[in-house]
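The residues making up each chain are set out below.
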Amino acid sequence: MTGLQFYNTRTRRKERFEPLEPGHARVYTCGPTVYAPQHIGNLRSQLFADQLKRALLREGLRVTHVINVTDVGHLTDDADAGEDKMERAAAERGKSAAEIAAQYTEQWLRDRSRVGCLAPEVLCRATEHIAEQIELICALEQKGVTYRIDDGIYFDVSKFPRYAEFARLDLSADVREGRIADVAGKRQPADFALWKFPPANGPRRQQQWDSPWGSGFPGWHIECSAMSEKYLGRTFDIHTGGVDHIGVHHTNEIAQSETARGVHPWVRFWMHHEFLDFRGEKMSKSTGNVCLLDDLVADGTPPLAFRYFILQAHYRQQQVLTDEALAAAATGFERLTAAAAEVRAADLADDSERMSALRARFDAAVRDDLNAPRALAVAWEVARSRELSHGERRALFADFDAFLGLDLAEAAIAEAAVEADPRIDALVEARETARRRRDFAESDRIRDLLAAEGVAIDDTPDGPRWRRA
């Protein structure tokens with residue numbers, strides 16, 4: 001049995017997690033729509049899912065992690081109106097939709113790797129699973145829950161009585177507030193597209209396929225139901241995504257999957273992360289309020305320092321990225337990696353009582369709904385400890401980093417991580433001189449003087465290094 005507890009959006013409470021198949025956790029994460037560069041707000045969704053995967057692996061589970069890439073069917077209005085984002089991007093840039101998708105998928109995968117995300121077991125593209133999507137729509141048609149209008153095949157939400165339950169929707173209010181687009185011919189405003197037809201008199205789209213209903217392309221929501229079923233089965237353990245998906249995309253996924261396959265619940269745990277705000281506003285391509293990982297790197301921030309920044313907040317907490325917050329995170333990352341680098345040459349220590357106590361607290365934080373800030377705080381206790389040997393610290397860093405993902409085993413002391421203070425530097429050098437001539441009383445006096453100022457000295461194979469304790 002695992003000790004994991006996760007907050008389940010479906011039930012609105014924390015619940016103990018055990019996989020449906022003993023020893024094997026199956027996870028699906030909503031990936032990007034690859035019509036434009038993926039910004040660091042998009043990366044938060046991947047870093048959250050990576051924390052989850054690492055926590056599951058830490059419990060000794062085998063994990064099958066599936067991430068989709070949307071390369072067709074996501075309209076500029078999430079509720080079935082507007083242009084296809086891929087087709088519009090291709091027209092604006094004078095490229096094919098396939099070229100646009102390949103360019104931005106590659107950028108996204110590169111950025112995932114740079115911030116330390118483990119690769120998924122399956123990366124699936126919507127355009128490579130058209131047959132599976134058509135088959136699922138046919139299953140819904142046989143259940144009598146679809147209908148045809150001029151622009152496509154739609155799901156009739158009145159045939160799924162639980163439609164509003166997952167997101168606690170008030171559908172009449174959603175219509176008034178514009179959550180649901182009104183497409184001519186829909187029976188209910190909340191009905192959603194399963195298969196779309198291109199405009200009758202418009203140019204042929206780059207992306208359209210033959211189907212039992214005529215040439216067209218899949219709606220946005222059907223891809224996740226079809227691909228998760230192919231790779232994870234008709235029911236599975238965990239589905240992740242952003243809070244913005246709860247009310248439309250994930251609600252529609254549940255409706256079509258549970259109806260087509262006669263299962264409930266289709267997914268046992270739904271886990272959603274909050275937004276990353278950029279200087280006080282939600283990061284969004286549509287508003288132009290975006291920041292890319294390359295922008296951070298160009299300003300001198302290492303990619304893993306951004307991962308460290310994300311670890312400082314719980315995934316269900318909104319996080320605001322400011323220049324000051326990022327600079328503080330970069331400094332913290334550099335100091336933690338410096339602490340790890342200082343003990344890298346030590347032999348790994350066998351487990352001890354004090355190591356076990358720290359490990360138990362770290363595990364308790366991870367198991368408590370992925371409480372990364374609390375886990376990070378335990379790692380800092382190891383970094384600052386004067387009681388732990390270098391071998392004990394190295395062993396704990398290696399263990400904790402399996403969840404933190406900061407590459408502490410390969411940590412090198414960055415120039416910025418070594419503080420400069422000529423007076424303290426001189427005292428450290430004087431202490432080292434005293435040690436070399438075996439004047440231990442003098443070296444201890446200097447050490448105690450520095451300790452009184454909150455300065456700790458670590459003796460490494462490369463010489464003494466000081467840090468603020």
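Definitions and limits used
For every chain, the first residue of the written sequence is number 1, and numbering continues from 1 onward in sequence order. This being a predicted model, a pLDDT of at least 70 is required before a residue's local features are given, and a value of 80 or more before pairs of side-chain atoms are given or counted; all residues contribute to the totals for chains, interfaces and linings. Each side-chain value is derived from all of the structure's non-hydrogen atoms; neither hydrogens nor water enter the calculation. Only DSSP runs of H or I with at least four residues qualify as helices, and only runs of E with at least two residues qualify as strands; both kinds are numbered from the N terminus onward. To sort residues, take the accessible area from a 1.4 Å probe on protein chains only and compare it with the maximum for the residue type: under 20% means buried, over 50% means exposed, and anything in between is partly exposed. Residue contacts are defined here by distance: any two heavy atoms, one from each residue, within 4.5 Å place the two residues in contact. Areas reported here follow the Shrake-Rupley algorithm with a probe of radius 1.4 Å; residue values treat only the protein chains shown as occluding. Expected helix span is given by 1.5 Å per residue-to-residue step, counting one fewer step than there are residues. Polar contacts, as used here, are pairs of N or O atoms within 3.5 Å; protein pairs need one atom able to donate a hydrogen and one able to accept it. Residues neighboring in sequence count only if both atoms are side-chain atoms. Ring pairs shown here join Phe, Tyr and Trp side chains whose ring centres sit within 6.5 Å, with only the six-membered ring taken for Trp; geometry is labelled stacked below 30 degrees between planes, edge-to-face above 60, and tilted in between. Paired strands, in this sense, are two strands between which DSSP finds at least two bridges. In this analysis an axis means a line fitted to C-alpha atoms, helices contributing only their contacting stretch, and an angle means the value between N-to-C directions, from 0 to 180 degrees. Among the buried residues, those of types Ala, Val, Leu, Ile, Met, Phe, Trp, Tyr and Cys that are joined through side-chain atoms within 4.5 Å form a nonpolar core. A clockwise course of the path from the first strand over the helix to the second, judged with the strands pointing away from the viewer, identifies a crossover as right-handed.

Chemist: Just to check I follow, could you spell out the overall build of the protein for this structure?
Modeler: Helix and strand counts for the protein stand at 15 helices and 18 strands. Along the three orthogonal principal directions, the C-alpha set of the protein runs to about 90 × 50 × 35 Å. Out of the 469 residues in the protein, the part that is buried amounts to 56%. Partitioning the intrachain contacts of the protein with sequence separation of at least 6 by distance along the chain shows that 75% fall at a separation of at least 24. Of the roughly 19,900 Å² of accessible surface on the protein, a fraction of 48% belongs to carbon and sulfur atoms.

Chemist: What is the right way to read helix 15 (residues 440–452) from this model?
Modeler: Working note: α-helix, 3.6 residues per turn, so residues spaced by three or four point in the same direction. The terminal C-alpha atoms of helix 15 lie 18 Å apart, and with 13 residues this matches the ideal 18 Å at 1.5 Å per residue to within 8%. Gly454 sits one or two positions beyond helix 15 and adopts a positive phi of about 80 degrees.

Chemist: Quick question: what am I supposed to make of the environment of Ser385 here?
Modeler: Tracing the backbone shows Ser385 in the loop between helix 12 (372–384) and helix 13 (390–404). By relative accessible area, Ser385 is classed as buried at 12%. With 71 residues separating them in the primary sequence, Ser385 and Ala456 have C-alpha atoms 9.8 Å apart. Not counting residues within four places of it along the chain, the set of residues in contact with Ser385 comprises Arg393 and Arg467. Looking at Ser385, its side chain comes within polar contact range of the main-chain nitrogen of Leu388, at 3.1 Å.

Chemist: Before we go on, may I ask you to explain the packing of aromatic side chains in this structure?
Modeler: Scanning all chains against the criterion turns up 15 aromatic pairs. Ring geometry for Trp195 versus Trp213: centroids 6.0 Å apart, planes at 50 degrees, classification tilted. Placement of Trp195 in strand 10 (residues 192–196) and of Trp213 in the loop between strand 10 and strand 11 (217–218) is noted, with a sequence separation of 18 residues between them. Taking the centre distance of 5.6 Å and the plane angle of 85 degrees together, the rings of Phe236 and Trp266 count as edge-to-face. One end of the pair, Phe236, is in strand 12 (residues 236–242); the other, Trp266, is in the loop between helix 7 (246–261) and strand 13 (267–273), and 30 residues separate them in sequence. Taken individually, Phe236 and Trp266 each receive the classification buried, so the pair is uniform in this respect.

Chemist: Just checking my understanding: could you explain the sheet that holds strand 12 for this structure?
Modeler: Each strand in a sheet pairs with its neighbour through backbone hydrogen bonds, running either in the same direction (parallel) or in the opposite one (antiparallel). If you trace the five strands from one edge of the open sheet to the other, you get 7-4-3-12-13, paired in parallel fashion. For this open sheet the edge positions go to strand 7 (122–125) and strand 13, each flanked by a neighbour on one side alone. Each adjacent strand pair in this sheet contributes to an overall mean axis angle of 20 degrees, direction not counted. For strand 3 (residues 24–29) and strand 12, the ladder comprises three bridges, and the chain directions are parallel. Bridged to Val27 within strand 12 is Ile238.

Chemist: What should I look at first to understand the nonpolar core in this one?
Modeler: Considering soluble globular proteins, one finds that nonpolar side chains tend to be buried as a cluster. Ranked by internal contacts, the top residues of the largest apolar core, which has 67 residues, are Phe6, Leu56 and Phe306. Apart from the residues lying within four places of it in its own chain, the contact partners of Phe6 are Arg13, Lys14, Glu15, Phe17, Leu52, Leu56, Ile238, Phe269, Met271, Asp369 and Leu370. Within the second largest apolar cluster, 40 residues are counted, among which are Tyr28, Phe192, Ile246 and Trp270.

Chemist: Quick question: what am I supposed to make of the pairing of strand 4 (residues 62–69) here?
Modeler: One face of the sheet, then the other: side chains in a regular strand alternate in exactly this way. Burial of strand 4 is extensive: seven of the eight residues sit out of reach of the surface. Pairing of strand 3 with strand 4, which is carried by six bridges, proceeds in the parallel orientation. Paired with His24 across the two strands is Arg62, which belongs to strand 4. As for the winding sense of the linkage, the β-α-β connection from strand 3 through helix 1 (residues 40–58) to strand 4 is right-handed.

Purely geometric stuff here, so don't read any function into it on its own.
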